[in-house]
Structure formats: structure tokens, C-alpha cells
2 protein chains.
Amino acid sequence: MKHDVILHDVAKAANVSIATVSNVVNGKGRVSKTTMKRVQQAIEQLGYAPNLLARHLKTNQSRLIGLVVQTTKPGRIQDNPFYWDLLAGAEEIARDHGFHMILVSMGMPEETLDFVKQRQLDGLLVVGITDHRGEDALFRTLDIPCVYIDSYLNDPRLCQVCVDDQYGGYAATKHLLALGHRRIALLIGDIPMDQLHRYAVLQQRWFGYRKALDEAGLPYDPGLMIRLPTSVQGGYHAAAWLASHNDVSAIFSMSDIAALGLMKGIKDMGWRVPEQVSLVGFDNLFMSGYTLPALTTVSQNIVQKGRVAVKLLMELMDNKCSTSRKVVLPVELLVRDTTTKAHLTDRQ
Amino acid sequence: MKHDVILHDVAKAANVSIATVSNVVNGKGRVSKTTMKRVQQAIEQLGYAPNLLARHLKTNQSRLIGLVVQTTKPGRIQDNPFYWDLLAGAEEIARDHGFHMILVSMGMPEETLDFVKQRQLDGLLVVGITDHRGEDALFRTLDIPCVYIDSYLNDPRLCQVCVDDQYGGYAATKHLLALGHRRIALLIGDIPMDQLHRYAVLQQRWFGYRKALDEAGLPYDPGLMIRLPTSVQGGYHAAAWLASHNDVSAIFSMSDIAALGLMKGIKDMGWRVPEQVSLVGFDNLFMSGYTLPALTTVSQNIVQKGRVAVKLLMELMDNKCSTSRKVVLPVELLVRDTTTKAHLTDRQ
DNA sequence: CTGTTAGCGCATTCAA
DNA sequence: TTGAATGCGCTAACAG
């Protein structure tokens, strides 16, 4: 094609100045009905659309929100389907406010900072960081509105969105305890226990687990922590662990993904869920209700998490974030078919 | 914080003109070693980062690539976890070329056009459109580089990336035929058969199915098309259909998602996979190998699809897209445990 | 090798 | 109510 249509072209066509056209476009200033009509017509005919680069350069904003996700290898986005739900929820609200979402894959920290400065991002949704590596300080230096998701930062001035992970862990464990289980293993992820504080979400669920144990007067046994990756494969391999721990009658997996792999692993060993091992997951993935048996799990709404995060960000931008700076979304235990009364003798 | 650091500030600090700083930043023009050092030092100290809005306004580009996805409700992103893989692959390559990904949820067509024009997007990744609603023409009017993913547009000048859907459908069906199955149902999605051409990906797989049937000298039976949504729920309900079609010994589901639901539905009816019904899926989801029995499926690499699409887009931008304008990524039949020899008598 | 200058398209004073 | 003029921060052409 040719040259873009600009303010100037419209002005000429409507026989007015560019200032007037600008006023019409932005609904500002006083413009008479007749000229407004004429201008709108010209805009229509020429197919004019304002150049946001120019507008934003002038107004010193970008109406762009960055979704900052951690990367394993520098510059590479972590493989996690949940992010799409988060992004979808965020985009929905952002769009309603005239903002758009841009992806910021966080590799080297400085790169991320540069990105935000260069692109003049108006706000950030930061997923899953901790304040133990100074990452939060990093974003603080940026001095733009940030909403931290699943991050559990201690600074009360920070805006945060998460789910009630601790309650989730508590509810799942309590459910198993109520069914008579006493030796409940925790599929916690591939991390050393002394590094648990760096994975706040997992730590919170772990807290909930311990709390339920405490209330039941049961001791905490570090030997029941299964430290394998939070993945289908990791879960699958947890079955081998289970084979050498015959006193364990239930496993609480911190993710449905791992729970699915684990269920497969258990069945491949010839054991039955839930008759011989009870299983609880976390997340309520789209197919968790459709496994056989259907997975008992702690359900969370990730799309909603994205929505709420952007809403909070909008408030933060308007400086009217006097209300709740930390939003904890509810989780819900969905009891399905992978949990049943303890029958310890079955596998012994 | 305060005011952003701009070219001017650096220039003053280094005692040079802004043009020289610009040259250093962009590695253009001739700058002496000593001044370059001085400028770089100033940049470092002040923490200068170029304002891309200004740069792009000047250079008339944005280094932004839009990922255009369909929405069901206007303005809302369709719920599909695959998109994250696509986005991740695309971002990986885009970032390597100094581009970033922005989300364009396509509701009303005009909105989308405005978005692209206003944000001055340099290129577009358009997912799953057809040329039967004139959507392709829409993007053509934009006159910016586009790569169409999973779209099967007829215009040979268009850049497209897809997988070999037809071969996938063919291979899956042929596999079932080789096992002795003769009545093979197709779980095709919630669309009228006379609208199939509007869903080119499904149509291609359907072509493959028919081709395999033809080669085996078997007639095509429209009565074997199961028209239920491509979702876990849809698949689950397909089990009821199966119950009333006892001559059907195998089902080819056009998506793993639906296949998972179907597997559950079949088992809930008390039937066994694969002894009584063989099942093939499509996609190879992350947990498809971990169902029980493990799902036989046609595997595709969606991350790779995203990568290739951006690579193609980059070539298109450089005008050196003389080579292949259409890339067909391979698919692979993964024979796992949901398919076995036909035993028609089992359920009759 | 380095500095001066003129816009990119727009929003926004300030005059008329 | 409308228009002329200024500058957002940067690049690129041209001068020195």
C-alpha cells in the first residue's frame, strides 16, 4: 500500500486544522456540531487511525502491560500451560481499559529492566518471584505499577494476587486425615527442603499440610517429602518411591500434572487408586475431572487470577489503591474419586 | 523516581552531541575509540535506555509482532492451552531478532485492523482463519507481513505454516484399518458437515480419513461422524453415541482433549479400551502418554510451529522469502496402548 | 570523526 | 470555536 493516513490528511480533507481533528478524535476541547460531523466523515472516508507511537511519545505512556514470566534457560519461556489462562484473563480486562498485553520473558534481570524502560511499559504483572533473591527490589527500581502474582512478598505496600495456597494444603491434608490416613506423603517438587522458602507457593501449601498434621496431633516426617519434578514424568517416577514406602496410604501432589503421572505410575505397578493409595492434586486442570478415577483436587481459577491482577493494576495506576493491596482468591477442595478411607493392610 | 534519562542527558555527561551518543548506541557512523568509551561510560552510569517509542516513531516501525487469535465472544480470548506453546515458540525466535510479541484477540474484524494500524505492528501471526469468510482479504488490506497458521488459504502467495493434517488423519485411520477395524467413527467437532470447509484443519484430517478408507476399498459412511464439541465434555458425551452404535469398533478423535473425555466416558459405561473400542487421538498433549491405557495419537509440535512461523515472518520482512512460502511440519503417529486388533464380537 | 538540524505524528498550550 | 506553534526523544542527512 502507500502512506498511512495521518492527522494532517484528515485536516486537509475536512478543511480544518490538525488541532481540531485531534480534538474530535479525543473528544476534548469544544468543537461545533457541524465541524465535528465534517471531521468524522473525513476520518471515516480516509480510514484514519491514530498512530499510537506518536500519541504515546507525546503523552509519555504506552498503554502496554507486560506479563513477566520466569524463564529457565535465559530468554526462553518456561513450559507451562497455565500461563495462557492467566494471560487470557489479564487481556480481557486490559482490553476493556484500552491496554494491551505484551510478553516479557525474564531471562537476565537487567534485560528485563531494559525491556520495560525501552518499551515504556505502563504496568507489570510479575509471576512467581520471591524476595529472597532480591528480585522484588529489582522491579522496585523500575518505579512503575506492579502486581505480583503467586509471589508472597513480605512488603505490605506491594500489590499482590494469589490463591489461598495454605488453606488448599490444609484442606487437602485434612480431608485425607478424616478418611483415616496417617502416613501422607507430599509430592512437593524437585527442590531441596532448605530451599523451600524460595518457592513460596509450594511452601504455603506445605505449611497447610503441616498445620493439618499438627491439629491432628500427628508428627511431621521429612521422610514423607517426595522431591521429584512438578511434571507428568516426575509424578510417574514418584510411584517407585511409593513402592518402597508401604506404610504410606495417601499422597498429596502439589499439582494435578504430577498427580496424573503418579496415577499412571501407580496403576502401571498394578496397584489401585484409591483402594490402595489415595491421591489429591492441586489446580483442577481441565481434564482432572475426566481421569479414571476422577481426581480429587484443590481447585483454583487461574483466568480469574489474571483478571483480578489487571483490575488491581488499574487501581494502582489511578492511585486509588487505598483498599486491599493483597487479594487472596479462594480455592476449593473438590472431592472426587481418588480418595477413600484408609485401608493400610491392602498393600502390606 | 524522576525523569527518564534521555539522549540529551548522556550527551551532556559525556560532553558530546546527541548525534554521537545515538551513533554509539546504534553502532553506526564513525566514532573514535576514546569518545566511544566516554559515551559508553556515561550511558552505564546514568542507566540510559533508548525510548523505543521515539525511535520507532522516527523509523516507522514497532518491532512488535501480533499473535492474532480468534475469540468466541467478541473481545474474549478463546480458551485453548495450545496457544501458550505457540506463543512461547514464537516469542523465542522473535526475541532473538529484537522483536516482541503482543496479543491481538480478534473479536470484531475492524477492531483488529485498527489495533494493527494504531500500534504499527510490523507483522502478524494469524491463527486458524479460512478464506470462506473473507477473513484473509481483511488482513490483506493491512498490507503488512502475515504468516497464517493452521489456515489452509488457497492463495499461493501467502505465507503459511501448518502440520500435515491430512497425513495425520490418513496415518491414524490406516493404523486402525491395519488392525482389522472396519467401522471407524470420527469424533470431528461440533460443526455441521456442510460447514466443514470452514474448519480447514478438521477438513484436512477428514480428507486423510477418507483417503485411507478409499484405499482399503471401504465406503464412507456419514453416519459415523460424531458431531460433538472438541472438548473433554464433548468427548465424554461421545460415549453415549458409541453405546448406540455397537458395530463401531474404533474411534478416531480429532483432538486428544476429546479423546481423554471419551476414554473416561467409555470406561464409565463399563467398557474397556482398547479391548472393546480402539481409540486414536490427535496432538499428543503433555499427558497423553500418561493416561491408562496410554493414548495412541498423532503427534505434533506446537512450539516448533510458533518458531517456524516467526522465522518465516522474518524472511518475509526481509523480502527474501523467495523460498518456501508454505511450510508443512511433520506429524507422527505414536502407537501406544489404546489401539488393538478388532474384536467386533466383544460388544455385540 | 563530530555537531547541527529537521522532522516522525501527535497533544497541547496560547492566540485569534 | 478554531488554528498556529511547540516539543515528546529519537534517527539520519548533511555540515563542519
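Going by the annotation in an unreviewed UniProt entry, the name recorded for chain A is LacI family DNA-binding transcriptional regulator, with Paenibacillus campinasensis given as the source organism.

**Student:** Mind laying out the protein's contact with DNA strand C, listing which residues take part and the relevant values?
**Tutor:** Among the 26 residues in the neighbourhood of DNA strand C, the closest are listed as A:L7, A:Y48, A:R55, B:T35 and B:K58. Sugar plus phosphate, as a fraction of atoms of DNA strand C within 4 Å of the protein: 69%. One nitrogen or oxygen atom from the main chain of B:S32 is found 2.7 Å from a phosphate oxygen belonging to DNA strand C. B:T35 is positioned such that a nitrogen or oxygen atom in its side chain is 2.7 Å from a phosphate oxygen of DNA strand C.

**Student:** Could you give an account of the sheet that holds strand β6 (residues 184–187) of chain A, with specific residues and numbers?
**Tutor:** All names here are of chain A. One open sheet accounts for six strands, arranged β7-β6-β8-β9-β10-β12; its pairing is mixed. Looking at strand neighbours, the two that pair on one side only are β7 (225–226) and β12 (332–334), the edges of this open sheet. For β6 and β7, the ladder comprises two bridges, and the chain directions are parallel. Bridging from a neighbouring strand, L186 pairs with M225 of β7. Lying on the sheet, helix α10 (residues 232–243) is in contact with β6, β7 and β8 (250–253); it crosses β6 at an angle near 150°. Strands in contact with helix α11 (residues 256–268) are β6, β8, β9 (278–283) and β10 (296–299); relative to β9, the strand with the most contacts, it is inclined by about 150°.

**Student:** So what about the relation of the copies chain A and chain B? Which residues, and what values?
**Tutor:** Superposing chain A onto chain B takes a rotation of 180° plus a shift of 0.1 Å along the axis, which leaves an RMSD of 0.1 Å. In the structure described here, the two chain copies are related by an operation that fits a two-fold rotation axis. Proximity to the rotation axis, assessed at the C-alpha, singles out A:I102 in chain A; its C-alpha lies 2.3 Å from the axis. Mapped onto chain B, 100% of the interface residues of chain A again fall at the interface, so both copies present the same surface.

**Student:** Describe the sheet that holds strand β6 (residues 184–187) of chain B, and please don't skip the residues or the numbers.
**Tutor:** All names here are of chain B. Spatially, the six strands line up as an open sheet ordered β7-β6-β8-β9-β10-β12, and their pairing is mixed. A strand with exactly one partner marks an edge of an open sheet, and here the two such strands are β7 (225–226) and β12 (332–334). Here helix α11 (residues 256–268) sits on the sheet in contact with β6, β8 (250–253), β9 (278–283) and β10 (296–299), set at roughly 150° to β9.

**Student:** How would you sum up the interface of chain A and chain B? Please name residues and give values.
**Tutor:** Each partner contributes to the interface: chain A provides 66 residues, whereas chain B provides 66 residues. Both sides of the chain A and chain B interface together cover about 5700 Å² of buried area, and 62% of this is carbon and sulfur. Inspection of the chain A/chain B interface yields two salt bridges. A:R95 is paired through a salt bridge with B:E111; the nearest N and O atoms lie 2.7 Å apart. At the junction of chain A and chain B, the tally comes to 20 residue pairs in polar contact (both at pLDDT 80 or more). At the level of elements, α4 (52–59), β1 (64–70), α5 (82–96), β2 (100–106), α6 (109–118), α7 (135–142), α10 and α11 of chain A are the ones that each hand at least two residues to the side of chain A that touches chain B.

**Student:** Hey, could you go over the protein's contact with DNA strand D for me, with residue numbers and the actual values?
**Tutor:** Around DNA strand D there are 25 residues in total, and A:K58, B:L7, B:Y48, B:R55 and B:K58 lie nearest to it. Note that a phosphate oxygen of DNA strand D is positioned 3.3 Å from one of the side-chain N or O atoms of B:N26. Side-chain polar atom of B:K28 to a phosphate oxygen of DNA strand D: 3.2 Å apart, as the coordinates give it. Those elements that provide at least two residues to the surface near DNA strand D are α2 (18–26) and α4 of chain A together with α2 (18–26) and α4 (52–59) of chain B.

**Student:** Tell me about the packing of α5(A) against helix α12 (residues 302–317) of chain A, and name the residues and values.
**Tutor:** Residue and element names in this part refer to chain A. Running from amino to carboxyl end, α5 crosses α12 at an angle of 40°, the nearest separation of the two axes being 7 Å. The orientation of α5 relative to α12 falls into the category oblique. The crossing of α5 and α12 is right-handed. From α5, F82, D85, L86, G89, A90, E92, I93 and A94 reach across to α12, where they touch I302, V303, K305, G306, R307, V310 and K311. In terms of residue class, the contact of α5 with α12 is made up of eight nonpolar, two polar and five charged.

**Student:** Which residues make up the packing of aromatic side chains, and what values go with them?
**Tutor:** Going through the model one piece at a time under the given rule, you end up with 14 aromatic pairs over all chains. Ring-pair connections join several aromatic residues into one group, and the members of that group are A:W206, A:F207, A:Y209 and A:Y220. The ring centre of B:Y220 lies 4.0 Å from the NZ or CZ of B:R210, which sits over that ring.

**Student:** Now, about the state of the cysteines: what can you tell me, with residues and values included?
**Tutor:** Residue and element names in this part refer to chain A. This model, assessed by the stated rule, comprises zero disulfides over all chains. With no disulfide of its own, C146 has C159 as its nearest cysteine by sulfur position, at a separation of 9.6 Å. Looking at C162, it has no disulfide partner, and the nearest cysteine sulfur is the one in C159, 12 Å off.

**Student:** An account of the UniProt feature "domain: HTH lacI-type" (unreviewed entry) in chain A is requested, with residue identities and associated values reported.
**Tutor:** Cross-referencing UniProt, the feature "domain: HTH lacI-type" (unreviewed entry) maps to residues 5–59 of chain A in the present numbering. As a span, residues 5–59 of chain A carries 71% helix and 0% strand, and end to end its C-alpha atoms are 21 Å apart.

**Student:** How would you sum up the pattern of salt bridges? Please name residues and give values.
**Tutor:** For the structure shown, the criterion picks out 25 salt bridges over all chains. Of the charged contacts, one joins A:R140 and A:D155 as a salt bridge, the two residues approaching to 3.0 Å between their closest N and O atoms. A residue pair is termed long-range when its members are at least 10 positions apart, and A:R140 in helix α7 and A:D155 in the loop between β4 (146–149) and β5 (159–163) qualify at 15 residues. Accessibility expressed as a relative area gives 32% for A:R140, which makes it partly exposed. Residue A:D155 is classed as buried on the basis of its relative accessible area, which comes to 14%. Across the pair B:R272 and B:E275 runs a salt bridge whose closest N-O atoms are separated by 3.9 Å.

What counts and what doesn't
- Residues numbered from 1 in each chain as written.
- Chains lettered and ligands numbered in written order.
- Predicted model: local features only at pLDDT ≥ 70, side-chain atom pairs only at ≥ 80, totals over all residues.
- Heavy atoms only, no water.
- Near = heavy atom within 4 Å.
- Polar contact = N/O pair within 3.5 Å; in protein donor to acceptor, adjacent residues only side chain to side chain.
- Pairing = 2+ DSSP bridges.
- Helix = DSSP H or I, 4+ residues; strand = E, 2+ residues; numbered from the N terminus.
- Contact = heavy atoms within 4.5 Å.
- Axes fitted to C-alpha atoms, helices over the stretch in contact; angles between N-to-C directions.
- Least-squares fit on C-alpha atoms with pLDDT ≥ 70 in both.
- Buried area = accessible area lost by both parts, 1.4 Å probe.
- Salt bridge = Lys/Arg side-chain N within 4 Å of Asp/Glu carboxyl O.
- Parallel < 35°, antiparallel > 145°, perpendicular 65-115°, else oblique.
- Left-handed = near helix turned anticlockwise from the far one by under 90°.
- Nonpolar A, V, L, I, M, F, W, Y, C, P; charged D, E, K, R; others polar.
- Phe/Tyr/Trp six-rings, centres within 6.5 Å; stacked < 30°, edge-to-face > 60°.
- Lys NZ or Arg CZ within 6 Å of the ring centre and 35° of its normal.
- Disulfide = S-S within 2.5 Å.
- UniProt positions renumbered as here; feature names shortened; annotations may be inferred.
- Buried < 20%, exposed > 50% of the residue type's maximum accessible area, 1.4 Å probe, protein only.

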